[in-house]
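Close look at the chain arrangement
Below are the chains, spelled out letter by letter.
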Amino acid sequence: MLNELKVTQITIPLPFRLDHVHCYLAEGEKGWTIIDAGLNNKTTRGLWNPIIEKHDIADIIITHYHPDHFGYAGTLQQLTGADVWMTEVDEHAGTTYWEADSLNLLKENYNACGMEEDVAVALSSDESGFMPQVKPYPTVNHHLEEGMKLHFGKYEYEVLFTPGHSDGLISLYNKENSVLFSTDHILPKISPNISYWFKGFSNPLEEFFNSLKKIQKLDVEYVIPSHGEPFQNANKRIVELLDHHQDRLHVIHENMKEPISVKSACQILFGNLSIHETRFAVGETLAHLEYLLLNDQCRKFKRHGKWYYQSI
């Protein structure tokens, strides 16, 4: 499918359990265009260097601010002189999230979630380890906007806002061939992480549901994700994702007849995890708790500096 679209996939290894990210290269309107960049590390540099030596890169499209997509964008821009495109909301997130004020607030939130002090410190310290892998920040020359048209390879794609996984996540849709570059919005084997951190959209899980239903209306045939293999029939996968999260909401709701902390809810959903995985698990647990709260299925209160949720 990618050959027919005249798009080249560049798969960059990641040092995580999710061990790769797919970036893409194709001809644009005034030169070559890259979609997403990888982490700023030696592996990524080694993969991009021979590519940018052979291609005149004019534009770099960053689908969202998470480090495996955004991290090398600043260096790529410096090396190529390309324009960088991002949504305004994720530009702000990407250039503030790894700064000291944001990381200190993150630690306070982990404490309020009921995490022990050493775990809260480890989680926020683990996050700060991304700093060298996301800097230098790019200069964002253009903000991606809903409905904008981008020429990429053989065809033109429409920018679709699909928030949930991040507040400013975009997907790229070609109606003519029923193709969606789904980025991290719809993945073939795993559910994208949907996290809430006491800032940004108040109900990211509802945003994710709405974004899934937005794509569902398009009845997309071919899906090209940022992780995993391309697949067919987006709507089949969308139903699976919606059902998965409804199951999680039911499990949490059944376990909050008595007040429950975020940590306790996280252990019910995910069990014991590594520090790196715990960060995603806590954020996703919060997204489900806040969804229930904002849909009037529970109340939330603070006791001894910790948040608790209880069904009503």
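The model shown is predicted, which means the values in this text are computed figures rather than measured ones.

**Some thoughts on the packing of helix α10 (residues 234-254) against helix α11 (residues 262-270)**
Where α10 meets α11, the axes come as close as 10 Å, and the angle between the chain directions of the two elements is 130 degrees. For the element pair α10 / α11, the angle class is oblique. With respect to the hand of their crossing, α10 and α11 are arranged in right-handed fashion. Where α10 abuts α11, its residues R248, V251 and I252 lie against I268, L269 and F270. Of the residues in the contact of α10 with α11, the class split is five nonpolar, no polar and one charged.

**A few points about helix α12 (residues 275-294)**
When the terminal C-alpha atoms of α12 are compared, their 29 Å separation across 20 residues agrees well with the 28 Å that a helix rising 1.5 Å per residue should span. Extensive coverage of α12 is indicated by the burial of 15 of its 20 residues.

**Some points on helix α2 (residues 42-54)**
Along an α-helix, residues three or four apart share an orientation, since each turn contains 3.6 residues. For α2, built from 13 residues, the straight-helix expectation of 18 Å at 1.5 Å per residue is met to within 8% by its first-to-last C-alpha distance of 19 Å. Taken residue by residue, α2 has T44, W48, I51 and I52 as its buried positions.

**Focus on the UniProt feature "domain: Metallo-beta-lactamase" (unreviewed entry) in the protein chain**
In this numbering, the UniProt entry assigns the feature "domain: Metallo-beta-lactamase" (unreviewed entry) to residues 20-227. Annotated as residues 20-227, this span is 37% helix and 24% strand, and its ends, taken at the C-alpha atoms, are 7 Å apart.

**Concerning the packing of aromatic side chains**
Considering all chains together, one arrives at 14 aromatic pairs under this definition. For the ring pair Y110 and W197, a centre distance of 5.0 Å and an interplane angle of 65 degrees mean the geometry is edge-to-face. Here the residue Y110 occupies a position in helix α6 (residues 100-112), and W197 occupies one in the loop between β10 (179-183) and α9 (204-216), the gap between them amounting to 87 residues. Aromatic ring contacts, followed pair by pair, group Y65, F70, Y97, W98 and Y137 into a single cluster. One cation-aromatic arrangement involves R303 over Y308; the distance from NZ or CZ to the ring centre is 5.4 Å.

**Concerning the layout of surface pockets**
The calculated volume of the largest pocket comes to roughly 1,400 Å³. If you trace the largest pocket, you find 49 residues lining it, with H66, H165, N193, S195 and F280 closest to the centre. Elements with a minimum of two residues in the lining of the largest pocket: α3 (67-70), α5 (88-96), α6, α10 and α12. No other element matches the six residues that α12 contributes to the lining of the largest pocket. Residues of the lining of the largest pocket, tallied by class, amount to 22 nonpolar, 15 polar and twelve charged. Within this model, the second largest pocket holds a volume of roughly 190 Å³. Around the second largest pocket sit 13 residues that line it, and M115, Q267, N272, L273 and T278 are the ones nearest its centre. Those elements that place two or more of their residues in the lining of the second largest pocket are α11 and α12.

Parameters and conventions
Residues numbered from 1 in each chain as written. Predicted model: local features only at pLDDT ≥ 70, side-chain atom pairs only at ≥ 80, totals over all residues. Heavy atoms only, no water. Axes fitted to C-alpha atoms, helices over the stretch in contact; angles between N-to-C directions. Helix = DSSP H or I, 4+ residues; strand = E, 2+ residues; numbered from the N terminus. Parallel < 35°, antiparallel > 145°, perpendicular 65-115°, else oblique. Left-handed = near helix turned anticlockwise from the far one by under 90°. Contact = heavy atoms within 4.5 Å. Nonpolar A, V, L, I, M, F, W, Y, C, P; charged D, E, K, R; others polar. Expected span 1.5 Å × (residues − 1). Buried < 20%, exposed > 50% of the residue type's maximum accessible area, 1.4 Å probe, protein only. UniProt positions renumbered as here; feature names shortened; annotations may be inferred. Phe/Tyr/Trp six-rings, centres within 6.5 Å; stacked < 30°, edge-to-face > 60°. Lys NZ or Arg CZ within 6 Å of the ring centre and 35° of its normal. 1 Å grid on protein atoms, 1.4 Å probe; cavity = no way out; pocket = protein on both sides within 12 Å on 5 of 7 lines; lining within 4 Å. Points joined across faces, edges and corners; volume = space filled by probe spheres on them.

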